[in-house]
Amino acid sequence: MDTIRNAFPYLMEGLQVTLYIFVIAIILGFLIGLLVALLRLAPIKILNWIAKIFVDAIRGTPFIVQLFFIYFGLNSLQIFSMDNTTAGIVTVAINAGAYFSEIIRAGIQSIDKGQTEAARSLGLNATQNMRFIVLPQAFRRMLPTITNQAIISLKDTSLLSVIGIADLTQEGRIQASATFDAFNVYLIVGVIYFVVIYLLSLLASFVERKFVLR
Amino acid sequence: MTMIRVENLKKSFGKLEVLKDISTVIEEKEVVCVIGPSGSGKSTFLRCLNRLEDITGGHVYIEGVDITEPKNDINKIRQDVGMVFQQFNLFPHKSVLENVTLAPMKLKKNDKKAITEKAYELLDKVGLREKANVYPGQLSGGQKQRVAIARALAMDPKIMLFDEPTSALDPEMVGDVLDVMKQLAVEGMTMVVVTHEMGFAREVGDRVMFIDGGYIVEENVPSELFGNPQHERTKSFLSKVL
C-alpha cells in the first residue's frame, strides 16, 4: 500500500504526459492520414506514388527506429533542434498517419460510386462531394478500425520513454527503482493503461451508436 | 429552342467502342425515350449528356454550351441537368428533406427558408411530404425513386435525365414513379428517359429513339416507331419486348 501511496502521484503526472502526447499526436495523425489517403486516391500518378512510398516506408520499419531517426537522426543534421516531446509527438503522428491513411482510403473506396455520381450530377464539385457525401459515410464505417489504431498508438507512446520523455511508462520505471517494488508499480502502470484504453473504446462505441448508419 | 445537341458522339471504354457515332437534337419541352437492348449503349449515351462519362469524341452542347470543352465549368452546367438513377443513389446519411435540400443549400444563393419551403413543395409533388424527416433506409424502392426525382428537381434543372428509373422497382411501385414523370412531362420539362417501359414511351414520349450497337438505328414519334418500324433490328427488338 505504501508503494501505491508513494508512486501514484508520479504515475498520474506520467499519465498526463502520455495523454497530452497521445491527444495531439492522434489529431495530427488523423489529419496526416486524411491527406495521405486523398493523395493516394488523387487522379495524379505522382501523388499516388508519394503517398504509397510514405505508407510503405512507415509500415515496413519498426516504430522505435522511426523514433530514433526523427529524434537523433534529424537532430544530428543540426538544421533545427527538436526536443524529445516534439519528436515523440511527431513520430506517433506520422506512424499513426500512415495506418490511418490506409483505413481512410479503404473507407472512401467502400462507398458506392453511385453516391458520387448522384452528388456530381447535382452540380457538387469533387471537393464538395468528398466533404458532404463520401467522407461522412466513410467515417461511420471506419470508426471501429480507427479506434483500434488509436489504441495501438496510445500503447506505442510507452516506447517514448526510451528518449527520456517522462510519460507513464518512464515514471513507472523511476518509481520501480525508487520503491524497490517493481511488481506492484508495473501492475499499477498496466491497470492505468488498461483503464484509459477501456474508456477510449467505450467512448468509441458510444459515438458509433450515435452515428449508426440509418 | 434547342436544349441538347449531340454531334458525332463517340465513347469507348478502353478498346470497347460503346457509342460509335451518335448525333441528335433535343428541343425544349421534348420528351425523348431511349430504348434498345441491354449493352446497346443507351445508358452510356445518357451519361454522356452530363459528362458523367468522359466523352471520347464528338461534341455535346447543353443549351449551346459545349460540355466536352474542358474550360466550360461542368459543375455549373450540371446544375441545369437533373439526373435520376436506376439505383436511386439517395444519400443514406441524410434525411429525405436533407437529400432534397443539400445541393441547393451548397450551390444556390437563395436563403435557407426558401430552399426548405421549395423542398416541401417538391416532396408534396411526389407525394412524400410526410416522409421528410425519415431516412432513405426506411423507404420502399418506389418512394426512394420519387425522393430522387424531388432531389434532382430541387436544383431547378432545365433538363431531366432518367436512367432506367423503374428497372429496380417492384412492379407495384412502377406506376407511382411513372405518374410523377408523366406529371413532369405535362408541365413541360425537357426529358431524356432511358426505359424498358414501352407503354410509357408510347404514351408520354414525343419521340422514341432506338439505339443498338452504338448507333441510333431509328428515331421517330412513338406511333410511327412502334407501329411502323423501318429497320429490321428495330422490328426484331420490338417483337421481343412488346
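The paragraphs below set out a description of the structure included in this document. Bear in mind the structure is a predicted one, so any value in this text is a computation, not a measurement.

### Considerations on the overall build of chain B
Then, in step 1: When helices and strands are counted, chain B shows nine helices and 10 strands.
Then, in step 2: By the compact-globule yardstick of 18 Å for 242 residues, chain B fits well, its C-alpha radius of gyration being 18 Å.
Then, in step 3: Expressed along its principal axes, the backbone C-alpha trace of chain B runs to roughly 55 × 45 × 35 Å.
Then, in step 4: For chain B, the proportion of its 242 residues judged to be buried stands at 54%.
Then, in step 5: Put simply, 65% of the contacts in chain B that link residues at least 6 apart link residues at least 24 apart.
Then, in step 6: Accessible area of chain B: about 10,300 Å², with a carbon and sulfur share of 45%.
Then, in step 7: Of the charged side chains in chain B, 32 are positive and 35 negative; the average position of the first set lies 5 Å away from that of the second.

### Thoughts on the sheet that holds strand 4 (residues 57-62) of chain B
Residue and element names in this part refer to chain B.
Then, in step 1: Across the sheet, four strands lie side by side as 2-1-4-5; this open sheet has antiparallel pairing. In this open sheet, the two edge strands, each paired with only one partner strand, are strand 2 (16-27) and strand 5 (65-66).
Then, in step 2: Where strand 1 (residues 2-13) and strand 4 come together, five bridges link them in antiparallel fashion. Within strand 4, the residue paired with lysine 10 across the bridge is glycine 57.

### Quick notes on the interface of chain B and chain A
Then, in step 1: Every contact between the two is made by 23 residues of chain B and, on the other side, 20 residues of chain A.
Then, in step 2: Summed over both sides, the interface between chain B and chain A buries roughly 1,900 Å², with carbon and sulfur atoms accounting for 62% of that surface.
Then, in step 3: Viewed at the interface, chain A and chain B are joined by one salt bridge.
Then, in step 4: Across the pair Arg47(B) and Glu117(A) runs a salt bridge whose closest N-O atoms are separated by 2.7 Å.

### Description of unusual backbone geometry
Residue and element names in this part refer to chain B.
Then, in step 1: Of note, the phi angle at aspartate 156 is positive, near 55 degrees, even though the residue is not glycine.
Then, in step 2: When you line up the elements, aspartate 156 lands in the loop between helix 5 (141-153) and strand 7 (159-163).
Then, in step 3: Aspartate 156 sits in the partly exposed class, given a relative accessible area of 44%.
Then, in step 4: Here the phi dihedral of glutamate 164 falls at roughly 45 degrees; this positive angle occurs in a residue that is not glycine.
Then, in step 5: Position of glutamate 164 among the secondary structure elements: in the loop between strand 7 and helix 6 (171-186).
Then, in step 6: Classification of glutamate 164 by relative accessible area gives buried; the value is 11%.

### Considerations on the pairing of strand 3 (residues 31-35) of chain B
Residues and elements named next belong to chain B.
Then, in step 1: Counting buried residues along strand 3, five of its five residues qualify, which places the element largely inside the surrounding structure.
Then, in step 2: Neither face of strand 3 is left uncovered, since the one carrying Val31, Cys33 and Ile35 and the one carrying Val32 and Val34 both have all their residues buried.
Then, in step 3: Bridge count between strand 3 and strand 8 (residues 190-194): four bridges; the pairing is parallel. By the bridge assignment, valine 32 is partnered in strand 8 with valine 192.
Then, in step 4: Sheet topology note: the strand 3/strand 9 (residues 207-212) ladder contains four bridges and is parallel. Residue pairing in the sheet places valine 32 in a bridge with arginine 207 of strand 9.

### Description of the packing of aromatic side chains
All names here are of chain A.
Then, in step 1: For the structure on display, the rule yields six aromatic pairs over all chains.
Then, in step 2: Taking 5.8 Å as the distance between ring centres and 70 degrees as the angle between the ring planes, the aromatic pair formed by phenylalanine 30 and phenylalanine 100 counts as edge-to-face. You can see phenylalanine 30 sitting in helix 1 (residues 2-41) and its partner phenylalanine 100 sitting in helix 4 (residues 84-109), a full 70 residues away along the chain.
Then, in step 3: Seen in terms of ring centroids, phenylalanine 194 and tyrosine 198 are 6.0 Å apart; in terms of plane orientation they differ by 15 degrees. Their pairing is stacked. Note that phenylalanine 194 and tyrosine 198 are positioned in helix 8 (residues 182-210) at a spacing of four residues, about one turn of the helix.

### Considering the state of the cysteines
All names here are of chain B.
Then, in step 1: Applying the stated criterion across every chain, the model contains zero disulfides over all chains.
Then, in step 2: Of the cysteine sulfurs around cysteine 33, a residue in no disulfide, the closest is that of cysteine 48, at 19 Å.
Then, in step 3: Here cysteine 33 falls in the buried class, since its relative accessible area comes to 0%.
Then, in step 4: The exposure class of cysteine 48 is buried, given its relative accessible area of 0%.

### Section: the sheet that holds strand 9 of chain B
Residue and element names in this part refer to chain B.
Then, in step 1: Ordered by their spatial adjacency, six strands build an open sheet running 6-7-8-3-9-10, and the pairing between neighbours is mixed. The open sheet terminates on both sides in strands that have one partner only, identified here as strand 6 (81-84) and strand 10 (215-220). Strand-to-strand twist of the sheet, defined as the mean angle between neighbouring strand axes without regard to direction, takes the value 20 degrees.
Then, in step 2: Along the sheet, helix 5 contacts strand 6 and strand 7; its crossing angle with strand 6, the most-contacted strand, is approximately 170 degrees.

### A word on helix 4 of chain A
All names here are of chain A.
Then, in step 1: Between its first and last C-alpha, helix 4 extends 37 Å over 26 residues, near the 38 Å set by a 1.5 Å rise per residue.
Then, in step 2: Summarising burial for helix 4: 19 of the 26 residues are buried, a large majority.
Then, in step 3: Where helix 4 begins, the capping side chain belongs to aspartate 83, and its oxygen is found 3.2 Å from the backbone nitrogen of threonine 85.

Calculation notes
Residues numbered from 1 in each chain as written. Chains lettered and ligands numbered in written order. Predicted model: local features only at pLDDT ≥ 70, side-chain atom pairs only at ≥ 80, totals over all residues. Heavy atoms only, no water. Helix = DSSP H or I, 4+ residues; strand = E, 2+ residues; numbered from the N terminus. Rg over C-alpha atoms; globule rule 2.2 N^0.38 Å. Buried < 20%, exposed > 50% of the residue type's maximum accessible area, 1.4 Å probe, protein only. Contact = heavy atoms within 4.5 Å. Areas by Shrake-Rupley, 256 points an atom, 1.4 Å probe, with all protein chains shown as cover. Lys, Arg positive; Asp, Glu negative; His and termini not counted. Charge placed at Lys NZ, Arg CZ, Asp CG, Glu CD. Pairing = 2+ DSSP bridges. Buried area = accessible area lost by both parts, 1.4 Å probe. Salt bridge = Lys/Arg side-chain N within 4 Å of Asp/Glu carboxyl O. Phe/Tyr/Trp six-rings, centres within 6.5 Å; stacked < 30°, edge-to-face > 60°. Disulfide = S-S within 2.5 Å. Axes fitted to C-alpha atoms, helices over the stretch in contact; angles between N-to-C directions. Expected span 1.5 Å × (residues − 1). Polar contact = N/O pair within 3.5 Å; in protein donor to acceptor, adjacent residues only side chain to side chain.

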